[in-house]
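Read off the chains here:
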Amino acid sequence: MKITLKIWRQRDCQSKGEFKEYHLDKVSKDMSFLEMLDTLNIKLIKQGDLPVEFDHDCREGICGQCGVMINGIAHGPLKNTTTCQLHMRSFNDGDTIYVEPFKASAFPIVRDLKVNRSALDHIITSGGYVSVDTGQAPEANSIPVTFEQAEAAFDAAACIGCGACVASCKNSSAALFTSAKISHLAQLPQGDKETSTRVVSMVNQMEEEGFGHCTNTEACEVECPEGISVLNIARMNYEYNRSRLMKK
Amino acid sequence: MSKTLKAPIPEGPLAEKWNNYKAKARLVSPNNRKQLEVIVVGTGLAGASAAASLAEMGYNVKSFCFQDSPRRAHSVAAQGGVNAAKNYKNDGDSVYRMFYDTLKGGDFRSREANTYRLAECSASLIDQAVAQGVPFGREYGGYLRNRSFGGVQVSRTFYARGQTGQQLLLGSYQALLRQQHTGKVKLYARHEMLDVVIIDGRARGIIARNLDTGEIERHGAHTVVLATGGFGKIYYLSTLAMGCNASAIWRAHKKGAYMANPSWTQIHPTSLPQSGEHQSKLTLMSESLRNDGRIWVPKDKNETRAPGEIPEDDRDYYLERKYPSFGNLAPRDISSRAAKEQIDLGKGVGPLKNAVYLDFSRAINEYGKDVIAERYGNLFTMYKKITGIDAYKEPMKISPAAHFSMGGLWVDYELMTTVPGLFAIGEANFSDHGANRLGANSLLQACVDGYFILPYTLQNYLADQIKIPKIEVDHPAFEESEKLVKDQMQSFLSCKGKKTAEEFHKELGKELYDKCGLLRTKNGLEKAIENIRNLREEYKTNLLVPGSAEEVNSELEKAGRVADYMELAELMCVDALHREESCGAHFRAEFQTEDGEARRDDENFCYSAAWEWTGNASQPILNREPLVFDTVKPTVRSYK
Ligand SMILES: Cc1cc2nc3c(=O)[nH]c(=O)nc-3n(C[C@H](O)[C@H](O)[C@H](O)COP(=O)(O)OP(=O)(O)OC[C@H]3O[C@@H](n4cnc5c(N)ncnc54)[C@H](O)[C@@H]3O)c2cc1C
Ligand code: FES
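Residues numbered from 1 in each chain as written. Chains lettered and ligands numbered in written order. Predicted model: local features only at pLDDT ≥ 70, side-chain atom pairs only at ≥ 80, totals over all residues. Heavy atoms only, no water.

Take the packing of helix 1 (residues 17–24) of chain B against helix 5 (residues 112–132) of chain B next. Residue and element names in this part refer to chain B. Interhelical geometry of helix 1 versus helix 5 gives an angle of 85° and a closest axis separation of 9 Å. Comparing the axis directions of helix 1 and helix 5 gives the class roughly perpendicular. Contact residues: K17, W18 and N19 in helix 1; A113, R117, E120 and C121 in helix 5. Classifying every residue of the contact of helix 1 with helix 5 by side-chain character gives three nonpolar, one polar and three charged. (Axes fitted to C-alpha atoms, helices over the stretch in contact; angles between N-to-C directions. Helix = DSSP H or I, 4+ residues; strand = E, 2+ residues; numbered from the N terminus. Parallel < 35°, antiparallel > 145°, perpendicular 65-115°, else oblique. Contact = heavy atoms within 4.5 Å. Nonpolar A, V, L, I, M, F, W, Y, C, P; charged D, E, K, R; others polar.)

Dropping the structure here:
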């Protein structure tokens, strides 16, 4: 296949960025999207140019490190798929593909397609855990968790923290990310005890990091590679309001 | 001079050793702990659990990883599960049985006391993870569910769908960030460790590069823990992440830490086959699939029919045929080698004839599609994404791939390397799995090392370090290390040759996979050593790295990693060549039984080889740690 790429190039968060055009003519349908970028980079390096910097690690769709906007869609056209698991068979010969970083004010650009998503870690740091020290745990089967509870908690816990939800939201809100963690823990007896303090700290931190407000456009769920449900946001709002009411 | 190494083992019968150790280990009083600094490199299960646990105890911890968040360490990719001797199934499991399975699985090439301790601590790990909120699979009544995994006959594997590693890692990541919240942990993401700094014979810090700015940083501490994972990526095509590397442990090796059994690499039987030259990694399909999937190839190597049209009589379910009692659940080394045998006979399937079938049709008929979907749904979806094929309708095509490093830094019972104050935990060390690791045992090892062992052994080490003041980074040793690191980077940048680091890596990987992979021979290994030396020479003159050292530069990062691989690769071949026996994953064609199974030589090779760096990559010194079996008598490892 022949592919034309328009890739966002930007030296660092202070510099101005722009799209640059590149052409590749021997793209195989079996290549992953990132392998296509690898091929481009080898070409650039050999021409004496700087390669396109992009983030990736596992290339299995689980670490959450990859992620770019492909033709305006976070992680590209395939539903429930990370950038690294997208293959060139999803494109056609002669296509022009626009590639941009995940843009959000809370995600400063490091270079080209690489962004800094530490803000997501900070939200977890503010309370996204069960407060249990090593050694304190009771025997595992002493707290039964029903099959349904475990499955529901898992659905929320499956979030890979890639930030696609933020990038696809017109308000750059991290509500889906934050609510997934709140829901995961709130649905388990182990995590439920701290729900009301957790939800307040995490929501406050989310705002402090400069993420926008959720206005229920639900774009995040559509582009989430793990299919995390917006119902988690509803649960977060519910828990948040409940916690504030209880304080009064 | 070759030495005999000893790893002092606590007294008492096997089942009492760890308790005896804990009872006598020295402690640091809570007040003194806050004066001590610990560096933990790595935030996988081993690193995150260690850093969190140590911070909970009151130590000041600096935690490093090269990814942009600690949650992305490659532990996240583990699918299948984690073992623990809970005996919830009432099927005869026990600590002893788990210990024995692990020792036997490793072909009697691991240290008895370490292996026993792994099994002994396994149950607590499940308790800890559940308390953290890890959503393990449950029965309808609410109790934990188990399944079986390769190489054992009980069900002791706990799992969270096909994402066990992710969920366990999130548990320890959250514990880590909870300590960041208390201020006890300082996190350094996107930092790559490039050297260990040694002062007066003890590890006292590291040199790290901030990957966002290129800045070289010095970090001092009373002790350094390496939890930097496996180096299977040395084969280029592997199930590891792109950034996985040997650099941290290799640079520690060059500072005096011995490397043990570096050639023992697990080649996983159920990965997706390579589809072309562009390929950058191989995706693992969890071994748990072998619980319900049946492996076969066509009997006729010229078979052209689609798999569904090949009648039963024309199929060879070779694992069921050769290993009737374990069948499709035969251990990994055996399954991989058997697959290679079929592929080499020309019976491989797929366009490159480099795969075998993994067939679910019988399980789907027996239990229904829904049950299979509930068990493996995400794996079937992943398969479809990558290959475009629906495995509910057509068998998967799978093939062996480099996966896990049983070898690593040599450590003693306390998980300390041969450099005082330098510890290695998780996959980075060599300790518990012998010559072949059993499935679902390494998530366990990483966690047990970090949560339950290191907090005791590190404290034992630190007990007499409270008098040592804060380590200052203007010490000449830091200066020297920093200069070493900077000079090396400059040499990569100024080389201005014609080949990228990635291209060199691919060549090296292929050489290693062909000659130091599933099947090894004297001739092949000698040839590989020669070729690797040539490649290493070429690397010095023909490497092309763009950009500069003072900025984001992924190519420069790769160049450093590949330079280390070039040296380690030779040591792997030397290790494989010197070991004139077959054991576990190490299969030397010259040493096999009449029916083609591994022939171990306990008389001459019942030891761990711990290699010492001499300053010349081609002249390592072999030291031996004899393996003494007090409780168990090594037998011929048979799965027939
Ligand atoms: C695809 C796959 C599936 C697996 N499935 C299973 C399974 O089902 N069950 C099982 O028991 N085991 C499984 N394993 C094995 C198991 O996942 C690993 O052995 C284990 O997770 C290793 O954990 P770790 O903490 O030692 O290393 P890792 O999780 O690899 O972490 C390494 C850490 O070190 C850091 N690091 C490395 N080098 C540097 C450096 N130079 N500077 C700074 N930081 C550095 C990284 O950033 C990372 O944080 C699987 C492995 C793979 C690859
Ligand atoms: S690289 Fe890990 S999810 Fe894409």
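Once that is clear, we can look at the domain arrangement of chain B. Residue and element names in this part refer to chain B. Per the domain assignment, the segments of chain B are domain 1 (34–265 + 404–462), domain 2 (268–402) and domain 3 (479–612). Relative placement of domain 1 and domain 2: their C-alpha centres are 30 Å apart. In this complex, domain 1 contributes 27 residues to the contact, which on the side of domain 2 involves 27 residues. Together, the buried faces of domain 1 and domain 2 total about 2,100 Å²; carbon and sulfur atoms form 51% of this surface. Our count for the domain 1 to domain 2 interface comes out at one salt bridge. For the salt bridge of E374 with R145, the shortest nitrogen-to-oxygen distance reads 3.3 Å. Our count for the domain 1 to domain 2 interface comes out at eleven residue pairs in polar contact (both at pLDDT 80 or more). When the residues that make up the side of domain 1 that touches domain 2 are grouped by side-chain class, the tally is nine nonpolar, 14 polar and four charged. (Domains from an automatic or database assignment. Buried area = accessible area lost by both parts, 1.4 Å probe. Salt bridge = Lys/Arg side-chain N within 4 Å of Asp/Glu carboxyl O. Polar contact = N/O pair within 3.5 Å; in protein donor to acceptor, adjacent residues only side chain to side chain.)

Turning our attention to the domain arrangement of chain A. All names here are of chain A. Under the domain assignment used here, chain A contains domain 1 (3–111) and domain 2 (117–247). The C-alpha-based centres of domain 1 and domain 2 are spaced at 29 Å. Between domain 1 and domain 2, the contact holds 21 residues from the first and 21 residues from the second. Here domain 1 meets domain 2 over a buried area of about 1,400 Å², counting both sides, of which 58% is carbon and sulfur. Sorting the residues of domain 1 by area buried against domain 2 places N80, A106 and F107 first, and these three jointly supply 33% of that buried surface. On inspection of domain 1 and its partner domain 2, the count reaches one salt bridge. With its nearest N and O atoms 3.8 Å apart, the salt bridge here joins D55 to R117. At the junction of domain 1 and domain 2, the tally comes to three residue pairs in polar contact (both at pLDDT 80 or more). A breakdown of the residues in the side of domain 1 that touches domain 2 according to their chemical character gives ten nonpolar, eight polar and three charged.

Around ligand 1, a shell composed of 38 residues is seen, among which Q67, S75, M193, E427 and L443 of chain B lie nearest. Around ligand 1, the nearby residues trace back to chains A and B. For ligand 1, an oxygen atom lies 2.8 Å from a polar atom in the backbone of T43 of chain B. Within the contact set of ligand 1, an oxygen atom lies 2.4 Å away from a side-chain nitrogen or oxygen of Q67 of chain B. Here ligand 1 has 1,000 Å² of accessible area as a free molecule, and 97% of this is covered by the chains. Partitioned by chemical class, the residues of the shell around ligand 1 number 16 nonpolar, 18 polar and four charged. (Near = heavy atom within 4 Å. Areas by Shrake-Rupley, 256 points an atom, 1.4 Å probe, with all protein chains shown as cover.)

Bringing the sheet that holds strand 1 (residues 37–41) of chain B into the picture now. Residue and element names in this part refer to chain B. Overall, parallel pairing links the five strands, which are arranged 5-2-1-9-17 in an open sheet. Whereas interior strands pair on both sides, the edge strands pair on one side only; in this sheet they are strand 5 (185–188) and strand 17 (422–424). When the angles between neighbouring strand axes are averaged without regard to direction, this sheet yields 20°. Taken together, the three bridges between strand 9 (residues 223–226) and strand 17 define a ladder with parallel strand orientation. Pairing of V224 across the sheet is with L422, part of strand 17. (Pairing = 2+ DSSP bridges.)

Further remarks concern the sheet that holds strand 12 (residues 294–298) of chain B. All names here are of chain B. Strand order in the open sheet made by the five strands is 11-15-14-12-13, with antiparallel pairing throughout. Every other strand in the sheet has two partners, leaving strand 11 (265–271) and strand 13 (315–316) as the edge strands with one partner each. Here strand 11 runs beside strand 15 (residues 396–405); their pairing, made up of five bridges, is antiparallel. By the bridge assignment, I267 is partnered in strand 15 with A402.

An ideal rise of 1.5 Å per residue puts 16 Å on twelve residues; helix 5 (residues 175–186) of chain A measures up with 16 Å between its terminal C-alpha atoms. Residues of helix 5 of chain A that are buried include every one of A175, L176, F177, T178, S179, A180, K181, I182, S183, H184, L185 and A186 of chain A, and no others. (Expected span 1.5 Å × (residues − 1). Buried < 20%, exposed > 50% of the residue type's maximum accessible area, 1.4 Å probe, protein only.)

Moving on: the interface of chain A and chain B. Many authors give the size of an interface as the accessible area that is lost as the parts come together. Listed per partner, the contact involves 75 residues of chain A and 78 residues of chain B. Both sides of the chain A and chain B interface together cover about 6,400 Å² of buried area, and 50% of this is carbon and sulfur. If you look at where chain A meets chain B, you find ten salt bridges. Two residues, E60 of chain A and K281 of chain B, come together in a salt bridge whose shortest N-O distance is 2.7 Å. Counting across the chain A and chain B interface gives 48 residue pairs in polar contact (both at pLDDT 80 or more). Broken down by secondary-structure element, the contributors of at least two residues to the side of chain A that touches chain B are helix 1 (33–46), strand 6 (109–111), strand 7 (114–115), helix 2 (118–125), helix 3 (147–157) and helix 5 of chain A. With eight residues, helix 3 of chain A is the single largest residue contributor to the side of chain A that touches chain B. Residues that form the side of chain A that touches chain B fall into these classes: 32 nonpolar, 20 polar and 23 charged.

Here the focus is the pattern of salt bridges. Side chains that differ in sign of charge can pair as their charged atoms come close. In total, this model carries 71 salt bridges over all chains according to the counting rule given. Between R305 of chain B and D314 of chain B there is a salt bridge, with its nearest N and O atoms 2.9 Å apart. D314 of chain B sits in the partly exposed class, given a relative accessible area of 29%. A salt bridge links K522 of chain B to E526 of chain B, with the shortest nitrogen-to-oxygen separation between them at 3.1 Å. With K522 of chain B and E526 of chain B both in helix 15 (residues 522–542) and four residues apart, this pair spans about one turn of that helix. Here K522 of chain B falls in the partly exposed class, since its relative accessible area comes to 39%. Taken together, the shared-partner salt bridges connect D55 and R117 of chain A together with D68, R72, R190 and D212 of chain B into one network.

Residue and element names in this part refer to chain B. Counting buried positions along strand 6 (residues 191–199) yields eight of nine residues, so the element is predominantly enclosed. Taken together, the eight bridges between strand 6 and strand 7 (residues 202–210) define a ladder with antiparallel strand orientation. Looking at the pairing, H191 lines up with N210 of strand 7. Counting the residues between successive antiparallel strands, the hairpin from strand 6 to strand 7 contains two residues, one of them, D200, with a positive phi of roughly 45°.

Moving on to the packing of aromatic side chains. Residue and element names in this part refer to chain B. Taken as a whole, this structure holds 29 aromatic pairs over all chains when the rule is applied. Taking 5.4 Å as the distance between ring centres and 10° as the angle between the ring planes, the aromatic pair formed by W18 and Y21 counts as stacked. On the criterion of helical spacing, the pair formed by W18 and Y21 is a turn pair, its members being three residues apart in helix 1. With respect to burial, W18 and Y21 carry one shared label: buried. For the pair Y88 and F158, a centre-to-centre distance of 5.8 Å together with 75° between the ring planes defines the contact as edge-to-face. One end of the pair, Y88, is in the loop between strand 3 (82–83) and helix 4 (95–105); the other, F158, is in strand 4 (residues 157–158), with 70 residues separating them in the sequence. Since its relative accessible area comes to 1%, F158 is described here as buried. Three or more aromatic residues joined by ring pairs form one cluster here, namely W18, Y21, Y413 and Y456. The positively charged end of K22 is found above the aromatic ring belonging to Y456, 5.4 Å away from the centroid. The positively charged end of R315 is found above the aromatic ring belonging to W296, 4.0 Å away from the centroid. (Phe/Tyr/Trp six-rings, centres within 6.5 Å; stacked < 30°, edge-to-face > 60°. Lys NZ or Arg CZ within 6 Å of the ring centre and 35° of its normal.)

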